[in-house]
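Chain and residue survey
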Amino acid sequence: MKKLVALFLSLVLLSAMAVVPALAEQTTPSICIVVAGTLGDRSFYDSAKEGIDRLATEYGTVTNVIECKEDASLYESALFDAAESYDIVAAVGWQFWDALATPDGVVSAFPDVKFLFIDNGLDGVGDNLMSIIYTQNEGSFLVGYIAAKLSKTGKIGAVGGDNSDTINDFLVGYEAGAKYANPDVTVETQYALSFEDPAKGKECALALYSGGCDIVYQVAGKTGEGVFEAAAQTGNLAIGVDGDQKYINPDVIICSMVKRVGDSIYDVVLDVDGKFQPGAIWAADMASGYIDVVYGTDDMTQQVSDELKAEVEELKTKIISGEITVPTALQ
């Protein structure tokens, strides 16, 4: 009996050893994401971290996060710190433009490190830099359409984190979608001038709601959580951004425009030889699945009817085919 047990254990061990090389075949470079703000926004920055967390869990990828807390004086030094120790450095936020574009800066200083510029596009800097931009205007068109269809006042709003091209790309798409649904709808915008201040987001949203808007789209990261608070306080509705935010308050958040930042980072790192495009600007769009509209889970309150969801799917098809061209604030 002891010999049989020993033989069985030996076979198990040999089988396990045979699996190890197969698992080891999929290796990934180490990656550090440097975020312009802080984690905990439950949208843009957290989405980026979810991507590298998946890599760490599924493939044992060595990962790290550096938070700059919206301190512009840290942007360049944080990138240098990350490049000292990691194979890939992802600068998450359009705010890193100057730090990455600086001649003889971090990109040229570390020619063997691959840099990802997330949420803005740079070319001509170096063949070790790839930019990923997102067609957030396309997804915003859809939530604008939803907002205009559901609005009872004929007036909807948006709170932007700042008055930048990237944020305005959301807003022009949002207004275009709203006007597509109802040419007479009024769309108003407040800029919070921060991505880290929920109190300011609430203040901006309350101003919009008091002015007659009954649905407000938050495009302001952590600041946008104040929009949800204002919606609940006033009995109005809101729209989430970047991640599926409906779970935060299903009774007031009708849908979210998702920008799958984490998935795009995950996909590039997992197949870096095939997907890293030296010096290129890659547009992660609706056609490739990185931009979409989501409504939480089925057990949550659903303010958007199945009929309206079907209309949105038809619009998605038209955008992907080119039948509808959504305006953009990006040049």
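Above this text is the structure in question.
This text gives an overview of the structure that appears in the document. Remember, predicted model here, so these are calculated numbers, not experimental data.

Digging into the nonpolar core
Formed by 86 residues in total, the largest nonpolar core has its most connected members in F96, L100, F115, I118 and Y217. Looking at which element gives the most residues to this core, the answer is helix α6 (residues 136-150), with 7 residues. When near neighbours in sequence (up to four residues on either side) are disregarded, F96 contacts V34, V35, A36, C68, Y75, L79, A91 and F117.

Some thoughts on the pairing of strand β11 (residues 281-284)
Of the two faces of β11, only the one carrying W282 and A284 is buried; I281 and A283 on the other face are not. Pairing analysis gives 4 bridges linking strand β5 (residues 129-134) to β11, with the strands arranged parallel. Within the sheet, the bridge partner assigned to S131 lies in β11 and is I281.

Let's talk about a negative patch on the surface
A cluster of acidic side chains, namely D298, D299, D306 and E307, defines a negative patch on the protein surface. When you line up the elements, D299 lands in the loop between β12 (291-294) and α12 (306-321).

A short note on empty space enclosed by the protein
Under the criterion given, the structure shown has 1 cavity of 30 Å³ or more. Put simply, the largest cavity is a space of about 180 Å³. As for the largest cavity, its lining consists of 17 residues, of which F44, D119, I167, F195 and D242 are closest to the centre. The dominant element in the lining of the largest cavity, judged by the number of residues it contributes, is helix α7 (residues 165-181), at 3 residues.

A few points about the environment of S30
With respect to the element layout, S30 can be found in the loop between α1 (2-24) and β1 (31-35). When sequence neighbours within four positions are dropped, the list of residues in contact with S30 reads T61, V62, S85, Y86, D87 and I88.

Side note on the layout of surface pockets
The gaps of empty space that remain are located by a probe, the size of a water molecule, rolled over the atoms. Of the volumes computed, that of the largest pocket is approximately 350 Å³. In terms of lining, the largest pocket is formed by 18 residues, of which the most central are N120, G121, I133, L330 and Q331. With 3 residues, α7 is the largest single contributor of residues to the lining of the largest pocket. Of the residues that constitute the lining of the largest pocket, the class distribution is 7 nonpolar, 8 polar and 3 charged.

A look at helix α10 (residues 261-270)
Most of α10 sits inside the fold, with 7 of its 10 residues counted as buried. Within α10 the residues assigned to the buried category are V261, G262, S264, I265, Y266, V268 and V269.

Considerations on the packing of aromatic side chains
Think of a pair of aromatic rings as described by two things: how far the centres are apart, and how the planes are tilted against each other in angle. Inspection of the entire model under this criterion finds 8 aromatic pairs. With 5.9 Å between their ring centres and 70 degrees between their planes, F80 and F110 make a pair best called edge-to-face. Of the two residues, F80 sits in helix α3 (residues 75-83) while F110 sits in the loop between α5 (106-109) and β4 (114-118), which places them 30 residues apart along the sequence. Accessibility expressed as a relative area gives 27% for F80, which makes it partly exposed. Residue F110 is classed as buried on the basis of its relative accessible area of 16%. Ring-pair connections join several aromatic residues into one group, and the members of that group are F141, Y145 and Y180. Sitting above the plane of the Y266 ring, R54 keeps its charged end 3.6 Å from the centroid. When the ring centre of F276 is taken as reference, the NZ or CZ atom of K114 above it lies at 5.7 Å.

Focus on the packing of α6 against α7
Where α6 meets α7, the closest approach of the two axes is 6 Å, and the angle between their N-to-C directions is 40 degrees. The angle between α6 and α7 places the two elements in the oblique class. α6 and α7 meet at a crossing whose hand is right-handed. When α6 is examined against α7, the residues Q136, N137, S140, F141, V143, G144, Y145, A147, A148 and K149 are found in contact with a partner set consisting of T166, D169, F170, G173, Y174, A176, G177, A178, Y180 and A181. Class assignment for the residues of the contact of α6 with α7 results in 11 nonpolar, 7 polar and 2 charged.

Quick word on the sheet that holds β1
Within a sheet, neighbouring strands are paired by backbone hydrogen bonds and run either parallel or antiparallel to one another. Read from one edge to the other, the open sheet built from 6 strands follows the order β2-β1-β3-β4-β5-β11, with strand pairing classed as parallel. For this open sheet the edge positions go to β2 (63-67) and β11, each flanked by a neighbour on one side alone. Direction aside, neighbouring strands of the sheet carry axes that sit 20 degrees apart on average. The pairing of β1 with β2 spans 5 bridges and is parallel. When the sheet's bridge partners are listed, V35 is paired in β2 with E67.

The rules we used
- Residues numbered from 1 in each chain as written.
- Predicted model: local features only at pLDDT ≥ 70, side-chain atom pairs only at ≥ 80, totals over all residues.
- Heavy atoms only, no water.
- Core = buried A, V, L, I, M, F, W, Y, C linked by side-chain atoms within 4.5 Å.
- Buried < 20%, exposed > 50% of the residue type's maximum accessible area, 1.4 Å probe, protein only.
- Helix = DSSP H or I, 4+ residues; strand = E, 2+ residues; numbered from the N terminus.
- Contact = heavy atoms within 4.5 Å.
- Pairing = 2+ DSSP bridges.
- Patch = residues over 30% accessible without salt bridge, like charges linked within 9 Å, V, L, I, M, F, W, Y side chains within 5 Å.
- Areas by Shrake-Rupley, 256 points an atom, 1.4 Å probe, with all protein chains shown as cover.
- Salt bridge = Lys/Arg side-chain N within 4 Å of Asp/Glu carboxyl O.
- Lys, Arg positive; Asp, Glu negative; His and termini not counted.
- Charge placed at Lys NZ, Arg CZ, Asp CG, Glu CD.
- 1 Å grid on protein atoms, 1.4 Å probe; cavity = no way out; pocket = protein on both sides within 12 Å on 5 of 7 lines; lining within 4 Å.
- Points joined across faces, edges and corners; volume = space filled by probe spheres on them.
- Nonpolar A, V, L, I, M, F, W, Y, C, P; charged D, E, K, R; others polar.
- Phe/Tyr/Trp six-rings, centres within 6.5 Å; stacked < 30°, edge-to-face > 60°.
- Lys NZ or Arg CZ within 6 Å of the ring centre and 35° of its normal.
- Axes fitted to C-alpha atoms, helices over the stretch in contact; angles between N-to-C directions.
- Parallel < 35°, antiparallel > 145°, perpendicular 65-115°, else oblique.
- Left-handed = near helix turned anticlockwise from the far one by under 90°.

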